[in-house]
Structure formats: C-alpha cells, structure tokens
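Breakdown of the fold
Here are the chains, one letter per residue:
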Amino acid sequence: MILLSGKDLEANIVHISVRPLVEYVFRSGSIDSGFRTAGAMHEGTRIHQQVQRTYQEGDQKEVYLKAEIPFDGVIFRIEGRCDGLIQTEEGWMIDEIKSTSAGLDMLEGGRTVHWAQAQVYAYIVAKEQELDRIGVQLTYVDTGTGEEKRFNREFSLAELEDFVKSVVGQYAPYAALRLENARIRDESIRTLPFPFETYREGQRKLAGAVYGAIKEKKKLFAKAPTGIGKTISTLFPAVKAIGEGHLQQIFYLTAKTITRTAAEQALALMEGRGLHLQALTITAKDKVCFQEETHCSKEACPYADGYYDRINGAVLDILSHETMMTRQVLEQYARKHRVCPFEFSLDTAYAVDAVICDYNYIFDPRVSLKRLIEEQKKRTVLLVDEAHNLVDRGREMFSAAIGKADFLQLKRDYKSVNPSISKAADAVNKYFIELKKACGDTRQQLSKEAPDELVSLLDLFAGEAERVLAAGGENRELLLDTYFAAQNFIRTAKLYDSRYITYAEVQRSDVTLRMFCLDPSYLLSQADKGFRSAVFFSATLSPLSYYRDMLGADSEDYSISVASPFHREQLDVRIHPLSTRYRDRERTREQLADLLYELIAERTGNYMVFFPSYQYLQSVYEDFAARYSGVQTIVQGSGMAEEERERFLDAFQADNRETLVGFAVLGGIFSEGIDLQGDRLIGVAVVGVGLPQLGLERNLIRDYFNGEGKNGYDYAYVLPGMNKVLQAGGRLIRSEQDEGVLLLIDDRFMQPHYRELLPEEWKG
C-alpha cells in the first residue's frame, strides 16, 4: 500500500509494505466464488503463535524490517514484519509462516508470492547485517489438522538484490503514476475555491468544524439541518485537508444509493472549478455483476477466470485516464479488460483519493476493506452521511444467526459424496435438535452467554467445508453459503460480551440461533479507531447525546449543532391529534383519509404522505382512492427496483397541472436522502410517531438499556421512531425558495416528551 505525503512528493519517496508490493507483482489466477481465502494462504494469529512457540532461545519473532531502494529517480521505502528470524548452524534464516485449508500435498514446493515475500525480508536482513548468504524457509500449517510442512532455500546477497530490484522495477510504473496523480491533485487543491458564490447560512460553520476535527484528529458529531448542503460542507474541507497534507484519502460512507449520487455530484461540482482528484464509487456485487447469476468461479464467469492476470493493467489504465470513477466508468473499463467489475472497484479503491461506498466497507467485519493498513488509516477521514442509520445498521453488522435446515440438507447431500462433511453437518444438526427440545412450549430461549459448543461444532464444519471448496468444482452453492454463515457466526462469537444476548426461536420444523448485538457503540468505535478523523453528520442526529452514546463518542470528541438557515414562514407546521395507534387504526381510517384530502384540496401540487408500515399505508390508500378517485396517486411498493424508484420520483414534477399524492413508508427509500426542490413537493403529511413494531428484539434492547440506567423505551422505540418522522418532514424545505405545509397526524405529537423532540422550527 503506497503512502504519500507532501514532503514525500517533493522528494519522490514512496512508502510501501512488503506484502502488497509482492502481491501486486506476483498475484495471478482466478477469483473463485468469492471464496478468496479458500485454497489461498491466510495468516492467522493462532497459527503463527503455534509455530513461533517452537523457536529456540536467540530466535526472533515478528521482526520489523525496513529498507530504502532507489529506482529510476524514485526512492522506495519498503517495510514489513517478518514472522521469524531463526539462528541455524549455517547462519540466519527467514521464516515465513502461512496457513492453508487446501491440504499440504497441494503446495508443490511453496507458492511463488510467498517465496517473493520471504526473499524481500531476506534481502533487507542480509543487506543490513552484511551477510553473503541467508536461508529462507516457508512454513505451512494445515488449519484443520495443525500439521506442518517446510520448504527451504538459500540465497546469496547478489541474488536477492537482483530479485528485489526486479520486483521494484515491475512495481515502479504504478508508483510513478500514483506520484504524478498526487502532484496534480495537490496543485489543483491549492487554488480550489468553494464551488458556490457564497456559503449558505451555517455552511461555513459546519465546514470549519469538519476541517478542525480533521486537523485535531478528533471525531465530530454534527447535527445540520436538511437543505444546508451537508455533502459539500463536509467534502470541501476534507479535500482541502488533503491539499494541506493532513490526509491522503477520504471515505464518504452512506446507507443508501441515492446519497452516494449526492457525493458524486459534489465532487463533480468541485472538478468543474478545477479540482483534479480521483474518486471511486463502490457498487454492490449483485448490482454490477455482468452475469445473469452471480457465481464467481472461473468455470462460470470469464471475468473471474484469470482475473489476477489482467487486473494490474486495468488499474493502471483507469488511473491514467479517469478522475470520476462512477459505476458506469468502472463497468466500461471492466469490460475492456475482462475483469470482475466489483473486485476491480475494490482493488482500485486502495489507489484513489476518495471512495464513496456503503457503511459496510469500513464497519462490517464480514466485508470491510481489510487491506487498509494502519499507516494509511492514520491519514484517512471517514465522512459518515445520514449517520443516524448507523445505529441499527451497526446492530445488524455485529449480529449473526444460523439455522438447522441447511445442515440437515448438507448431511444428506454429502453422506455418500464426502462422509467428513456429512458427519460435521450432522453434529451441528444434532445440536439444533437438542436446542429445539430445550425451547419447549414457548418455542424460544434466551441466554446472556455465547453458544460456545455450537461455535466449536461450526469451526469443525468450516474446516471440512474449506477443503472441498478449495478444490473447486460445480454444484456447491449450498455448501458455500452455509460455510460463510458458519464463518460469520464464528467471527461474531469472538466479539461477544455483555452487550450481546443469545436467543433461539423455533419456527415450524426449523430452529434458529441468533447472537444479537444490543449496543453497537463499542464495536463501532473500534471499527473507526485508527482513522485520523471521523465525521458523523445528519439532519436528524437528535438528540445529540443519544447519538454520541450509540455511535461510540469519547468525552473529548467534538459536537456541533447548526441552526436551520430557513425562515419559519417557509414552513407551515400543523398537528392534528388523531390517534394512529394500532388499536385505533380501523376506527380512524376514514377520518384520516378525509384529513389528507383536506390538506391537498387547499392548493394544487405535489404531496407525500408517510405511514409507519406498508399494511397501514395500503389500508388507508384503498379507502382514499375509493373516496377520492379523481385524485392522481402513486404508491411506494415493497422491494422496488431502481428503475421503479426513479419513475416514482420523476412523477413529482414542478409543472404538474393536477395534484399528485405519493403514498410512502416512514424509514423507507423515499423518506430520506431525496431532494425534491421548489414545487416538486409542496406538502408532507406524517402519519404516526414512527415507533418500530413491537417485537422481541426491540424489547430486548429496551430491557438492556433499562438495566444500564437509561430510558430503555426511548432507546428502543421513541428515538428511532421520531428520527423517521424528522427525516420524512425534512423532505419538504430544501432551499431558500421552498415553501410548504407539514401535517403531523397523531395525538402524541401534543405530548411534552414527543414535542420536545421536534426541531425548534417545527414548534411554531
């Protein structure tokens, strides 16, 4: 991973770690079913410690090594940590430890990329200690059996020097391109103006707070109203911080595709004012896959077959010619070079200045960009858009569930094909049979302990599954999916502490066990630890104390609350005390339909009505459509495709001559992140206070926070619900020219506790 600073650019210095250096030069072959660790070597702490415990007195482990290698006018500062430096009768020997699930008999003398890594370490040691010759050893450990196998070679200093110069020479064009792009970028940033003639009221305050947090290496929690221009107010100071040497990279993290578009537009706006910065958007694999079905094996996909043989050329090509690497641009280059567009975006992400992507790529332990090294993190800022979403997303990322049914099926499928897998799957299936019995008539069981017995059984199953998956072949989708589920469960069990609870549920003949993260704050803080700064911002980060608590703030982290730049006269807020509680919905349905018609009858235009559930929406919509059939309506559907979403929003045009009423769901795709300015939207009605549906998990959250001395009902129900209300209401006033009516329908809005959670500009 290349690290560059202002001084490094002036001196033509490139910082690079040994492992990414040799992987760039020597990686080859295919992506196989997303199973990139199966059959490939992966370092694990347990395996390393197992081998290192056999070292003798005088041997060294985890030895930090560094060297400077000049090549073609550039100084390469190479560093790394070799696993072992062992004393032998012949002298020093480098020991490089790797683990494998593919079986030791598959190694055939060791992998080229591992020999390369060890040879670079050997060169640094031999050069530093003026050794004529040095030994190199590759130690492979079978993850299933613990069996070890070693390969040994000896090299002269001259051989190693030639080898390292050859590696650096092959890497040099990529490094030179990165250096030149960084120089052009920094020069463009120095003269970059704010892309608008003036700052909106509050924008300068927010931008200054973001820059200050980056400079001081702090987190910032920013509540900034809808319509202020939060995207440009966070990206612009971050870009300026790159130009002044505080940062090397920006991650703009979002919860929804639509907010990623806003970030792309903000960067394009700055590019129009002279910025030359390379930005990339990561799109989910299932959306960008070129195949009809997403199977990443070399047998099923020509873009996966030989991927690593072509990827370096693809990365060099796109970095040489593009700045804004949107989905469309990435797909164009992926087709040109015949590489998987998703994996291509991940590999290129490490080389660009700004990455726009989902929260997952930083916070989710299953899919995070794991090759971000610590030194790079220290020069990276996280800009977390619509950060209120990260609380529940965090819970989901750090939770894991697994069920009985797939293991029963695998037991049957592999009984004659592979008895080892069948036996391992059967052991898990039997565990679930006993668990089902223990659930009894309640068909449920709770525990504050991690299910260690199940984790051990899953570990054994995963080891057997890896051997089969590493060998390749067809018809292994169920095994692959179950393997990933098992690995996720095992990984989550390592995070388990007092902030978790375990619950089992029996549904028909199946039983599921879930480790549920009640409080994600600690794990979120661990995930963003090591980055230079993180900025959490939203129009509805309210109350700030709640979100600071739930997003893992420290006492010294910064907070800012920016007042609305809009005048009270722009927004006509009305509260109608009609009960929308579940028990009253049938009784008040006709009255609600009449109330909505009264709102839209005042003025011809576009309106949106938000409901707490699809079921409630459909019930009221049917009544409204029957009673007021002359009114044009459009309804949010469940699981809408991107084209359907675009058609829904396109219906809200400023020049509509008839009234249009959109029926949508609170907390859904249209209740946040959309921007319908001017007469595209003149009225919003919010039905209910947005409380999540009563359920086991919400009640578990309530009980946990009650036990922590906090208002558990607020944490589980009220605050998440009211956030949805604030987001939906925020669709209305998006600019200084906007005017509209906001109708809040529920008697609870009149209660002091709910009323104090409303923004000041809504209180009238």
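Read on for a plain summary of the structure. (Residues numbered from 1 in each chain as written. Predicted model: local features only at pLDDT ≥ 70, side-chain atom pairs only at ≥ 80, totals over all residues. Heavy atoms only, no water.)

1. Let's talk about the layout of surface pockets
Empty space among the atoms can be located by rolling a probe the size of a water molecule over them. The test is simple: In this analysis a 1.4 Å probe is tested at points of a 1 Å grid over the protein atoms alone, and where it fits but cannot get out there is a cavity; an open set with protein on both sides within 12 Å along at least five of seven lines is a pocket; lining residues have an atom within 4 Å of a point. Grid points are joined across faces, edges and corners, and a volume is the space filled by probe spheres set on the points. Numbering of helices and strands runs from the N terminus; a helix is a DSSP stretch of H or I covering at least four residues, while a strand is a stretch of E covering at least two. Each residue gets one label: Ala, Val, Leu, Ile, Met, Phe, Trp, Tyr, Cys and Pro are nonpolar, Asp, Glu, Lys and Arg are charged, and the others, such as Gly, are polar.
Here the second largest pocket defines a volume of roughly 760 Å³. When residues of the lining of the second largest pocket are traced back to their parent elements, those giving at least two are α7 (230–243) and α8 (257–272). Here the lining of the second largest pocket gets seven residues from one element, more than from any other, and that element is α8. Residue classes in the lining of the second largest pocket are distributed as ten nonpolar, twelve polar and seven charged.

2. Focus on empty space enclosed by the protein
What the rule picks out here adds up to six cavities of 30 Å³ or more. Taken together, 18 residues make up the lining of the largest cavity; nearest its centre are Pro225, Thr226, Gly730, Glu761 and Trp762. A breakdown of the residues in the lining of the largest cavity according to their chemical character gives nine nonpolar, six polar and three charged. Looking at the second largest cavity, it is lined by 13 residues, and the ones nearest its centre are Arg178, Arg185, Ala351, Val352 and Asp353. Top element by residues in the lining of the second largest cavity is helix α5 (residues 157–190). It accounts for four residues.

3. Remarks on the pattern of salt bridges
The criterion, for reference: Each salt bridge in this description consists of a side-chain nitrogen of Lys or Arg and a carboxyl oxygen of Asp or Glu lying within 4 Å of one another. Buried residues are those whose accessible area, probed at 1.4 Å on protein chains only, stays under 20% of the maximum for their type, while exposed residues exceed 50% and partly exposed ones sit between those limits.
In this structure the tally under the stated criterion is 42 salt bridges. Lys127 is the salt-bridge partner of Glu161, the closest N and O atoms lying 3.7 Å from each other. One end of the pair, Glu161, is in helix α5; the other, Lys127, is in helix α4 (residues 112–129), and 34 residues separate them in sequence. Among the residues examined, Lys127 registers a relative accessible area of 45% and is labelled partly exposed. The residue Lys336 makes a salt bridge to Asp317 at a minimum N-O spacing of 2.7 Å. One end of the pair, Lys336, is in helix α11 (residues 327–337); the other, Asp317, is in helix α10 (residues 307–321), with 19 residues separating them in the sequence. Residue classification places Asp317 among the buried positions, given a relative accessible area of 11%.

4. Here's the deal with the packing of aromatic side chains
To keep things clear, this is the line we draw: Here the aromatic set is Phe, Tyr and Trp, taking the six-membered ring for Trp, and pairing holds for ring centres within 6.5 Å; pairs whose planes are under 30 degrees apart are stacked, those over 60 apart are edge-to-face, and all others are tilted. Definition used: whenever NZ (Lys) or CZ (Arg) falls within 6 Å of the ring centre and also within 35 degrees of the ring normal, the charge is taken to sit over that ring.
Enumeration over the complete set of coordinates arrives at 29 aromatic pairs. Both rings, one in Tyr140 and one in Phe151, keep their centres 5.9 Å apart while their planes meet at 70°; by these two values the pair is edge-to-face. Of this pair, Tyr140 sits in strand β5 (residues 133–142) while Phe151 sits in strand β6 (residues 148–156), placing them eleven residues apart in sequence. When sorted by exposure, Tyr140 lands in the same class as Phe151, which is buried. Where Phe648 meets Phe652, the ring centres are 5.6 Å apart and the plane angle is 40°; that geometry is what we call tilted. Take Phe648 and Phe652: they sit in the same class, and that class is buried. Over the ring of Trp115 we find Arg153, and its NZ or CZ is 4.0 Å from the ring centre. Against the face of Phe290 rests Arg335, its NZ or CZ located 3.8 Å from the ring centre.

5. A few points about the pairing of strand β3 (residues 74–88)
Defined as follows: In this analysis, strands are considered paired if DSSP registers two or more bridges between them.
The pairing of strand β1 (residues 13–17) with β3 spans five bridges and is parallel. The partner of His15 across the bridge, within β3, is Arg77. Pairing of strand β2 (residues 60–71) with β3 involves eleven bridges; the strand directions are antiparallel. Its bridge partner lying in β3, Val63 is registered against Cys82. The turn linking β2 back onto β3 is made up of two residues, and Asp72 within it adopts a positive phi angle of 55°. As paired elements, β3 and strand β4 (residues 91–100) share five bridges and run antiparallel to each other. Bridged to Gly84 within β4 is Asp95.

6. Describing the side chain of Gln249
Let me state the cut-off plainly: What qualifies as a polar contact is a pair of N or O atoms within 3.5 Å, subject to a donor-acceptor requirement within protein and to the restriction that residues adjacent in sequence count only when both atoms come from side chains. Throughout, a contact is declared for two residues whenever any of their heavy atoms are within 4.5 Å.
Position of Gln249 among the secondary structure elements: in strand β8 (residues 249–254). A distance of 3.0 Å separates polar atoms of two side chains, one belonging to Gln249 and the other to Gln376. Once residues lying within four places of it in the same chain are set aside, the contact partners of Gln249 are Ala349, Tyr350, Val352, Asp353, Val355, Leu372, Gln376, Arg379, Thr380 and Val381.

7. Things to note about the sheet that holds strand β20 (residues 606–611)
Convention followed: Orientation is described by axes fitted as lines to C-alpha atoms, over the contacting stretch for helices, and by angles from 0 to 180 degrees between their N-to-C directions.
Spatially, the six strands line up as an open sheet ordered β19-β24-β23-β20-β22-β21, and their pairing is parallel. Since the sheet does not close on itself, it has two edges, and those belong to β19 (571–576) and β21 (632–635), each with one partner. Ignoring which end each strand starts from, the neighbouring axes of this sheet average 15° apart. Across the sheet, helix α22 (residues 585–601) lies against β19, β20, β22 (660–665), β23 (683–687) and β24 (740–745), angled at about 170° from β24, the strand it touches most. With respect to the sheet, helix α23 (residues 614–627) is in contact with β20, β21, β22 and β23, its orientation differing from that of β22 by roughly 155°.

8. A word on α7
Just so we agree on the cut-off: Expected helix span is taken as 1.5 Å per residue step, with the number of steps being one fewer than the number of residues.
Between its first and last C-alpha atoms α7 spans 21 Å; for 14 residues at 1.5 Å apiece the expected length is 20 Å, and the two agree. Of the residues flanking the end of α7, it is Gly245, one or two places downstream, whose phi is positive at about 85°.

9. Re helix α15 (residues 390–397)
Under the convention used in this document: In this context, the arc is that of the directions from the helix axis out to the C-beta atoms.
Every buried residue of α15 is accounted for by Leu390, Val391, Gly394, Arg395 and Met397. Buried positions in α15, seen along its axis, are confined to an arc of 165° and lie on one side of it.

10. Comments concerning the environment of Ala262
Topologically, Ala262 is positioned in helix α8. Separated by 31 residues in the primary sequence, Ala262 and Thr231 place their C-alpha atoms 7.0 Å from one another.

11. Thoughts on the nonpolar core
The nonpolar side chains of a soluble globular protein tend to be buried, and buried together. Just so we agree on the cut-off: Here the nonpolar core consists of buried residues drawn from Ala, Val, Leu, Ile, Met, Phe, Trp, Tyr and Cys, with membership extended through side-chain atoms lying within 4.5 Å.
Phe76, Ile282, Phe344, Phe363, Phe432, Leu551 and Met608 are the most contacted members of the largest nonpolar core, which has 192 residues in total. For this core, the element with the highest residue contribution is α5, accounting for twelve residues. Here Phe363 is in contact with Leu253, Leu382, Val384, Leu390, Met397, Phe398, Leu524, Ala527, Asp528 and Phe536, once residues within four sequence places are set aside.

12. Quick notes on the environment of Met722
Tracing the chain through its elements places Met722 in helix α26 (residues 712–729). With 246 residues separating them along the chain, Met722 and Arg476 place their C-alpha atoms 45 Å apart. With residues near it in sequence (within four places) discarded, Met722 still touches Val689, Phe749, Tyr754, Leu757 and Leu758.

13. Some points on the sheet that holds β8
Each strand in a sheet pairs with another by means of backbone hydrogen bonds, the pair being arranged parallel or else antiparallel. The strand order across the open sheet formed by eight strands is β10-β9-β11-β8-β12-β17-β7-β18, and the pairing between neighbours is parallel. Bordering the open sheet on either side are β10 (324–325) and β18 (558–561), each of which pairs with just one other strand. Examined bridge by bridge, strand β12 (residues 380–384) and strand β17 (residues 533–538) share four bridges and lie parallel to one another. Among the inter-strand pairings, Leu383 is bridged to a residue of β17, identified as Val535. Helix α6 (residues 203–216) rests against β7 (219–223), β12, β17 and β18 of the sheet, and its axis sits at about 175° to β18.

14. Details of the packing of α10 against α11
Rules: In this scheme, roughly parallel covers angles under 35 degrees and roughly antiparallel covers those over 145, while 65 to 115 is roughly perpendicular and the rest are oblique. By the definition used in this description, the sense in which the near helix is turned from the far one sets the handedness, with an anticlockwise turn below a right angle giving left-handed and a clockwise turn giving right-handed.
Orientation of α10 relative to α11, taken along the N-to-C sense of each, is 140°, at an axis distance of 10 Å. Judged on the interaxial angle alone, α11 and α10 are oblique. Two packed elements cross with a definite hand, and for α10 against α11 that hand is right-handed. Seen from α10, the contacting residues are Arg310, Gly313, Ala314, Asp317, Ile318 and His321; seen from α11, they are Val329, Leu330, Tyr333, Lys336 and His337. Here the residues of the contact of α10 with α11 are counted per class, giving five nonpolar, three polar and three charged.

15. Remarks on the packing of helix α25 (residues 696–707) against α26
When two helices pack together, their arrangement is captured by the angle between the axes and the distance separating the axes. Running from amino to carboxyl end, α25 crosses α26 at an angle of 135°, the nearest separation of the two axes being 5 Å. Classed by the angle they form, the pair α25 and α26 counts as oblique. Contacts between α25 and α26 pair Arg698, Asn699, Ile701, Arg702, Phe705 and Asn706 from the former with Gly712, Tyr713, Tyr715, Ala716, Tyr717 and Pro720 from the latter. Here the residues of the contact of α25 with α26 are counted per class, giving seven nonpolar, three polar and two charged.

Without other data, these values stay purely geometric and don't point to any function.
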